Amino acid sequence: MSSQYAVEMINIHKTFPGGVYANQGVTLKVKRGEVHGLLGENGAGKTTLMNILYGLLNRDKGEIIINGEHVEFESPTDAISKGIGMVHQHFKLIPPLTVVENVVLGSEPIFGRTFGRGIIGKIMRALMPIDIKMAVEKIIQIAEENGLHIDPYAKVQDLSVGLQQRIEIIKTLYRKADILILDEPTSVLTPQEVDELFETLKEFRKAGKTIILITHKLRETMALCDRITVLRDGKLIGTVERDNTSPEDLAQMMVGRPVVFMVDKGISSPGDVVLKVQDLHVKDYRGLESVKGISFEVKAGEIFGVAGVEGNGQTELVEAITGLRKPTDGVIIIDEVDVTSKSPRFVREVGMSHIPEDRQKMGLILAFTIKENLILGRHYRPPFANGPKNMLLNLDRINEISDDLVSKFSIKTSSSDAFAETLSGGNQQKVVVARELAVAPKLIVAAQPTRGLDVGATEFIRNTLIKMRNAGSAILLVSAELDEVRNLSDRIGVIYDGKIVAIRGPDATPEELGLLMAGHVQGVD
Amino acid sequence: MNASELSDAQKSGIGQRIENWILGLAKKVTDPSYRKQFIWSFASIVLALLVSSLIMLIAGYDPGLAYVYLAIGAFSRMDLVLYYATPLILTGLSVALAFKCGLFNIGAEGQLYIGSMAAALMGYLIALPIVIHPLACLAIGAIAGGLWGFVPGLLKAYRGAHEVVTTMMLSYTAILLTGWLVSSNGPFWDGSMVPRTPPLLDTALLPPLWGYSLHTGLILSIIAVFAVDFLINRTVLGYEMRAVGLNPDAAEYGGINSKRNIAIAMGLSGGLSGLAGSEEIMGTYGKFVANWSPGLGWDGITVAVLGNNSPWGVLAAAIFFGGLRAGGNTMHQVVGVPIEMVSVIQGLVVLFVAAPRIINWLVDNGNTIFKSMKEDPFEPSINLVSSILGLAILMLGLGMITSLYSLPSFTWINAATALVYVLVAILGVMIFIVYWSKRPDAGWFMLLAAVLWTIAGVLEIIGAGMSALTSFILAIFTFVLWLADRLIGRLLVTKKEDDIE
Ligand SMILES: Nc1ncnc2c1ncn2[C@@H]1O[C@H](COP(=O)(O)OP(=O)(O)OP(=O)(O)O)[C@@H](O)[C@H]1O
Ligand SMILES: [Mg+2]
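Residues numbered from 1 in each chain as written. Chains lettered and ligands numbered in written order. Predicted model: local features only at pLDDT ≥ 70, side-chain atom pairs only at ≥ 80, totals over all residues. Heavy atoms only, no water.

1. Some remarks on the overall build of chain A
Filter applied, for reference: Starting at the N terminus, helices and strands are each numbered in turn, a helix being any DSSP run of H or I of at least four residues and a strand any DSSP run of E of at least two. Classification of residues uses two cut-offs on accessible area relative to the type maximum, computed with a 1.4 Å probe and protein chains only: under 20% is buried, over 50% is exposed, and between them is partly exposed. Residue contacts follow a heavy-atom distance rule, with two residues in contact if any of their heavy atoms lie within 4.5 Å. For the accessible areas, the method is Shrake-Rupley and the probe is 1.4 Å, while residue cover comes only from the protein chains on display. When charges are counted, Lys and Arg are positive and Asp and Glu negative, with His and the chain ends excluded. A single reference atom marks each charge: NZ on Lys, CZ on Arg, CG on Asp, CD on Glu.
Summing up its helical and strand segments, chain A has 19 helices and 22 strands in all. Seen through its principal axes, chain A has C-alpha atoms that stretch 80 × 50 × 50 Å. Of all 525 residues assigned to chain A, the portion counted as buried reaches 57%. Sequence separation of at least 24 residues holds for 65% of the intrachain contacts in chain A that already meet a minimum separation of 6. Just so you have it, chain A exposes about 20900 Å², and 52% of that area is on carbon and sulfur atoms. Across chain A, the centroid of the 62 positively charged side chains sits 3 Å from that of the 69 negatively charged ones.

2. Structural notes on the packing of aromatic side chains
Formally: Side-chain rings of Phe, Tyr and Trp, where Trp is taken by its six-membered ring, are said to pair if the distance between their centres is within 6.5 Å; with planes under 30 degrees apart they count as stacked, over 60 as edge-to-face, and otherwise as tilted. Geometrically, a charge over a ring is one whose NZ (Lys) or CZ (Arg) sits within 6 Å of the ring centre while staying within 35 degrees of the ring normal.
Applying the stated rule across the entire model yields twelve aromatic pairs over all chains. With a centroid separation of 5.4 Å and 55 degrees between ring planes, the pair formed by tyrosine 83 of chain B and tyrosine 84 of chain B is classed as tilted. Classification of tyrosine 84 of chain B as partly exposed rests on a relative accessible area of 23%. Put simply, the rings of Tyr113, Tyr285, Phe288 and Trp292 of chain B pair up and form one aromatic cluster. It is lysine 138 of chain A that lies over the ring of tyrosine 174 of chain A; its NZ or CZ is 4.5 Å from the centre. Positioned above the aromatic ring of tyrosine 380 of chain A, the side-chain terminus of arginine 345 of chain A is 3.7 Å from the ring centre.

3. Details of the confidence of the model for chain B
The predicted coordinates ought not to be read in detail in places where the model reports low pLDDT. Residue and element names in this part refer to chain B. Rules: Per residue, pLDDT measures the predictor's confidence, with a range of 0 to 100.
Residues of chain B with pLDDT of at least 70 account for 82%, and the chain-wide mean is 82. Between residues 1-11, whose pLDDT stays under 50, and residues either more than four places distant or in other chains, the model counts ten contacts. Low pLDDT, under 50, characterises residues 364-368; the stretch is placed with six contacts to residues that sit more than four places away or in other chains. The complex prediction reports pTM at 0.77, with the ipTM value standing at 0.81.

4. Some remarks on the packing of helix α7 (residues 132-159) of chain B against helix α8 (residues 163-181) of chain B
All names here are of chain B. Where we set the bar: For helices, the fitted line uses only the C-alpha atoms of the stretch in contact; every axis is such a line through C-alpha atoms, and the angle between N-to-C directions lies from 0 to 180 degrees. For classification purposes, angles smaller than 35 degrees are called roughly parallel, those larger than 145 roughly antiparallel, those between 65 and 115 roughly perpendicular, and all remaining angles oblique. Less than a right angle of anticlockwise turn of the near helix away from the far helix marks a crossing as left-handed, whereas a clockwise turn marks it as right-handed. Each residue is assigned to one class: nonpolar for Ala, Val, Leu, Ile, Met, Phe, Trp, Tyr, Cys and Pro, charged for Asp, Glu, Lys and Arg, and polar for all the others, Gly among them.
In the contact formed by α7 and α8, the axes pass within 9 Å of each other and the chain directions differ by 150 degrees. Considered as vectors, α7 and α8 are oriented roughly antiparallel to each other. Regarding α7 and α8, the two cross each other, and that crossing is right-handed. Each of Trp148, Val151, Pro152, Leu155 and Lys156 in α7 lies in contact with α8, whose residues at this interface are Glu163, Thr166, Thr167, Leu170, Ser171, Thr173, Ala174 and Leu177. Residue classes in the contact of α7 with α8 are distributed as seven nonpolar, four polar and two charged.

5. Remarks on helix α9 (residues 247-255) of chain A
Within α9 of chain A the residues assigned to the buried category are Leu250, Ala251, Met253, Met254 and Val255 of chain A. Of the residues flanking the end of α9 of chain A, it is glycine 256 of chain A, one or two places downstream, whose phi is positive at about 90 degrees.

6. Considerations on the nonpolar core
Selection rule: Throughout this description, the term nonpolar core refers to a set of buried Ala, Val, Leu, Ile, Met, Phe, Trp, Tyr and Cys residues connected via side-chain atoms within 4.5 Å.
Core analysis: the largest hydrophobic core is formed by 138 residues, its most contacted members being Leu93, Phe288 and Trp292 of chain B. Per-element tally for this core: the top contributor is helix α5 (residues 78-100) of chain B, with 13 residues. Apart from residues lying up to four places away in sequence, leucine 93 of chain B is in contact with Ala224, Val225, Val228, Leu272, Pro311 and Val314 of chain B. Leu93, Leu159, Leu218 and Val255 of chain A belong to the second-largest nonpolar core, a separate cluster that totals 47 residues.

7. Structural notes on a nonpolar patch on the surface
Residue and element names in this part refer to chain B. Note the following rule: Exposure above 30% relative accessible area and no salt bridge define the residues that can form patches, which grow by joining like charges within 9 Å and nonpolar side chains of Val, Leu, Ile, Met, Phe, Trp and Tyr within 5 Å. When a carboxyl oxygen of Asp or Glu lies within 4 Å of a side-chain nitrogen of Lys or Arg, that pair is called a salt bridge.
Where nonpolar side chains cluster on the molecular surface, the patch consists of Phe75, Met78, Leu209, Trp210, Ile219 and Ile223 and spans about 630 Å² of accessible area. Mapped by element, the contributors of at least two residues to the nonpolar patch are β1 (208-210) and α9 (217-234). As for its position among the elements, phenylalanine 75 is in helix α4 (residues 63-76). On the basis of relative accessible area, phenylalanine 75 is assigned to the exposed category, the value being 66%.

8. Describing the sheet that holds strand β11 (residues 273-283) of chain A
Residues and elements named next belong to chain A. Our working rule: Strands are treated as partners if at least two bridges between them are detected by DSSP.
The strand order across the open sheet built from four strands is β12-β11-β14-β15, with neighbouring strands paired in antiparallel fashion. This sheet does not close on itself; its edge strands, each paired only once, are β12 (289-299) and β15 (337-338). In the sheet, strand β14 (residues 329-334) pairs with β15 via two bridges, with the strands oriented antiparallel. Along β15, the bridge assignment pairs isoleucine 333 with aspartate 338. Strands in contact with helix α10 (residues 314-321) are β11, β12 and β14; relative to β11, the strand with the most contacts, it is inclined by about 120 degrees.

9. A closer look at the domain arrangement of chain A
In many analyses, interface size is given as the accessible surface area lost on bringing the parts together. Residues and elements named next belong to chain A. Threshold: Either an automatic procedure or a domain database provided the assignment from which the domain bounds are taken. Polar contact is defined as a pair of N or O atoms within 3.5 Å, subject to the rule that within protein one atom must be able to donate a hydrogen and the other to accept it, and that residues adjacent in sequence are counted only when both atoms are side-chain atoms.
By domain assignment, chain A separates into domain 1 (1-83 + 177-257), domain 2 (94-171) and domain 3 (273-351 + 441-517). Between domain 1 and domain 2, the contact holds ten residues from the first and eight residues from the second. Where domain 1 packs against domain 2, one counts one salt bridge. One salt bridge in this structure joins arginine 166 and glutamate 196, with 3.1 Å as the shortest N-O distance. Counting across the domain 1 and domain 2 interface gives two residue pairs in polar contact (both at pLDDT 80 or more). For the side of domain 1 that touches domain 2, the secondary structure elements donating two or more residues are β7 (179-183) and α7 (191-206).

10. Remarks on the sheet that holds strand β22 (residues 499-504) of chain A
Residues and elements named next belong to chain A. Strand order across the open sheet formed by six strands is β16-β19-β20-β13-β21-β22, with mixed pairing between neighbours. The sheet terminates laterally at β16 (352-355) and β22, the two strands that pair on one side only. Pairwise comparison of adjacent strand axes, ignoring direction, gives a mean angle of 20 degrees for this sheet. Relative to strand β20 (residues 474-479), strand β19 (residues 443-447) runs parallel, the two sharing five bridges. Note that in β20 the partner of alanine 446 across the bridge is leucine 477. In this fold helix α18 (residues 510-517) packs onto β13 (302-307), β21 (491-496) and β22, with an angle of close to 30 degrees to the strand it touches most, β21.

11. Quick word on the pairing of β11 of chain A
All names here are of chain A. Across eight bridges, the pairing between β11 and β12 is antiparallel. Among the inter-strand pairings, leucine 275 is bridged to a residue of β12, identified as valine 298. Between β11 and β12, which pair antiparallel and follow one another directly, the connecting turn spans five residues, one of which, glycine 287, has a positive phi of 90 degrees. Judged from the five bridges that link them, β11 and β14 form a sheet pairing that is antiparallel. Residue pairing across strands places valine 277 opposite isoleucine 332, the latter belonging to β14.

12. Describing the site of ligand 1
Residue and element names in this part refer to chain A. To keep things clear, this is the line we draw: Near, as used in this document, describes a residue that has one of its heavy atoms within 4 Å of the molecule or strand being considered.
Surveying the vicinity of ligand 1 reveals 18 residues, the closest of which are Gly43, Thr47, Thr48, Ser424 and Gly426. Between ligand 1 and threonine 47 there is a distance of 2.6 Å, counted from an oxygen atom to a side-chain nitrogen or oxygen. Taking histidine 216, its side chain carries an N or O atom lying 2.9 Å from an oxygen atom of ligand 1. Considering ligand 1 on its own, with 640 Å² of exposed area, one finds that the protein chains cover 85% of that surface. Counting only elements with at least two residues in the shell around ligand 1, the list comes to α1 (46-53) and α15 (425-437).

So, in structure tokens, the structure goes:
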């Protein structure tokens with residue numbers, strides 16, 4: 001325990017089958033008791049590096065030293081035994097079980113301390129069933145010490161994404177992790193949840209834990225991290241102290257060029273009404289009404305932002321407009337065509353593009369190649385289809401257009417024939433966005449369009465959206481990120497409990513919007 | 001190869017196109033995922049042969065000799081190999097095509113029967129000129145088989161009836177229906193001792209190709225491979241079917257009508273099986289005979305599995321199985337190994353090929369046990385074994401009860417034993433649920449099961465039951481599992497704690 005470093009990964013190399021050289025001699029040194037940021041563009045190799053540290057992937061070359069001791073991890077079990085915990089972007093909880101049950105899987109038994117720490121104690125503890133009561137006490141203790149309040153008897157399936165993430169963190173603490181890896185923890189959280197998470201992480205640092213944080217949001221990095229390591233194209237660019245750097249510098253390190261943070265969108269010149277929603281009622285999958293009479297209009301050349309805490313009816317609203325869910329009542333008109341309860345293909349034919357909020361569930365077919373994904377939704381008509389009755393795929397044109405999109409949206413891949421599942425999270429998102437923005441649609445429904453994208457790609461997508469607005473598209477933007485909504489929108493509708501409770505201009509303050517989103521309508525008016 | 005080279009090559013000419021196609025194929029073959037698939041298929045075959053040789057050894061045959069004659073038989077009679085492969089190619093394609101759309105067409109056998117029946121009727125009832133006659137027979141056979149597949153497709157798409165159930169049921173319906181049609185009560189009986197139709201007109205027969213039995217159906221089967229490959233990879237319909245099969249949500253989002261695609265895929269799949277049946281009737285049998293198929297439709301499933309549901313894979317797999325059949329004859333005649341050994345080898349190959357794929361499928365679609373198994377195999381394996389054991393205990397418990405009833409004298413001690421078995425059976429269900437959902441307090445149930453089995457064993461000895469030994473073995477087995485779960489799992493945890501403190 002002589003070293004000042006909790007984690008030292010030295011000269012790590014990793015090549016994936018297919019030839020992607022994801023880590024090229026990366027060295028990462030994390031001091032004990034610091035919050036260490038890991039930054040890099042989409043596909044820079046961050047997730048790969050962390051999966052190697054957590055024992056999920058094998059490295060080709062390189063050394064890993066934990067607290068001064070050389071280690072070889074065969075599996076995450078080994079990593080856990082060295083005090084490493086990881087919160088993946090997609091959680092690994094069992095929904096029908098309670099919080100305690102999820103946390104304790106394979107832990108403390110009844111009479112845990114009665115028999116001492118000798119061999120007899122070990123065997124006795126091994127033979128006893130798990131002491132749920134003691135586990136609950138321990139969870140409550142962990143929760144209190146770290147400000148992670150949670151009901152130990154709640155079922156996971158009833159909890160919000162933010163609370164589920166909290167369970168994952170508690171789980172690592174329960175297993176006595178003192179090195180915590182968090183892979184893009186904030187991209188699924190609402191702004192309040194992000195603030196809470198950061199408070200927690202600060203507590204952890206005070207308690208001497210070491211934290212590695214992956215994020216694309218430079219503001220978060222600057223607020224929390226002590227030191228920051230930047231990767232680009234699988235190579236180490238450098239490690240800097242927070243106090244000696246700025247968001248601009250970091251962006252420059254990541255991208256290799258300066259990045260503009262505020263998009264300059266100019267004033268809009270709205271034209272005719274493109275999307276008209278009237279008194280819309282929609283039920284969710286459980287049959288509960290979740291859109292309760294929404295009406296609004298979006299004009300050509302205008303971005304209409306919908307701000308709201310997740311779960312207030314945004315998902316169902318978007319699904320109804322795009323033809324994926326039949327509304328129970330109300331009318332939806334796109335470009336003077338009634339599309340209420342029509343099929344997704346019909347709505348697309350009218351001129352709608354849709355960036356869905358969940359890229360893996362809906363936006364992509366992971367086992368399709370990038371090419372095949374880039375034509376989804378327009379695959380059945382020219383230029384992608386030809387021959388009699390457009391029955392054949394026009395492979396030449398598909399190749400041409402998809403290679404074009406891959407380079408235009410800088411999708412990082414060895415070839416457009418690679419499967420979508422081999423792309424990094426952000427590059428998967430780029431495929432969806434590229435496909436949906438490739439044509440000039442009349443209406444763009446964009447749900448969380450920049451989720452998981454790096455600063456450069458975010459800037460690019462936002463600029464593209466504005467260009468399309470200026471070219472006359474109507475854009476409905478749904479985003480959990482208040483900054484994004486405020487930056488891009490010409491008008492902002494606040495959704496709360498299935499209703500649009502207020503419509504504001506882009507100059508509305510975050511505080512005002514925050515109050516509205518929390519349902520305090522009277523307080524503001 | 002990089003993108004710019006390719007796009008240059010795309011510019012012009014048929015020569016270039018062919019070159020592109022070859023380049024594409026070369027790329028596919030050298031692609032690591034294909035290579036892995038290929039290596040695994042090959043390894044499965046080797047494994048299957050090894051296990052089979054063990055079985056042969058136990059049964060008293062010389063596996064080395066058997067395999068030598070298997071190979072000699074296959075290579076000396078290539079015509080026979082291809083003859084056996086001919087229908088398997090089509091039924092394999094049938095199953096594979098449905099699978100591309102995410103459907104399990106278990107009913108290829110029935111579609112094959114209906115198709116062959118239709119072709120036979122067309123072949124002997126209606127007189128047509130040569131060339132036209134066989135084509136008409138094939139067409140009508142494909143259509144009939146297609147309808148037999150289309151109906152479950154419709155039911156699946158619009159009524160949600162699971163295709164495994166409906167195709168399976170329709171399969172038996174088809175076999176029985178065609179059997180009745182040619183029986184002595186049926187309308188198409190030829191009046192002989194055998195339930196069959198009169199022979200097809202000569203104009204309707206498929207001409208022989210080479211050797212004794214190989215007929216022109218082979219050419220048709222190979223054309224079908226090209227056609228299905230083209231359909232899947234080059235047409236809009238194939239694209240949509242694959243999309244529906246891989247991610248129905250994304251397909252719907254992309255404006256694809258999955259119901260329509262499901263119905264069409266099942267129809268086409270049935271058509272291929274119908275074609276297989278027609279070919280056999282017109283090329284080999286010359287008439288429809290009740291129960292003529294040696295399970296060609298069922299074998300289609302195994303062919304598709306070994307061929308990894310790709311048309312060219314199906315072709316290779318069908319030829320391999322054809323080789324096993326052809327060589328199996330020689331092996332049987334010379335070494336005396338029963339011909340069923342071929343089916344054993346075939347089954348083992350498929351088992352080994354499918355095992356990792358089933359696990360992968362479960363990982364993607366199923367229980368968290370398999371998910372965590374990938375990450376950390378120890379704990380989940382115990383959970384998995386334990387939950388399976390739970391089911392086994394349930395079955396055994398119920399079985400034991402019935403065996404007790406069949407004892408000559410039913411004493412009070414037997415009644416007590418039966419009671420214990422009832423408890424054991426209930427416990428089996430509990431164990432399954434508890435372990436399957438990974439509840440942390442699962443261990444106690446296992447221990448209780450061990451105790452109950454022991455009690456049952458003792459009672460069996462006292463009451464002169466027959467299954468004392470089984471009970472004791474199970475008692476030991478459950479106890480070991482309990483120990484493994486508790487002791488080893490817990491020691492690991494305490495070791496972790498010690499390391500940290
Ligand atoms: N299973 C795989 N097979 C082939 N290539 C892969 C695989 N997983 C990742 N890659 C490639 O490795 C590179 C690094 O991926 P990684 O997921 O580490 O990126 P990342 O830095 O986490 O990016 P993001 O911010 O977009 O999540 C990418 O180019 C990706 O395409
Ligand atoms: Mg990542």
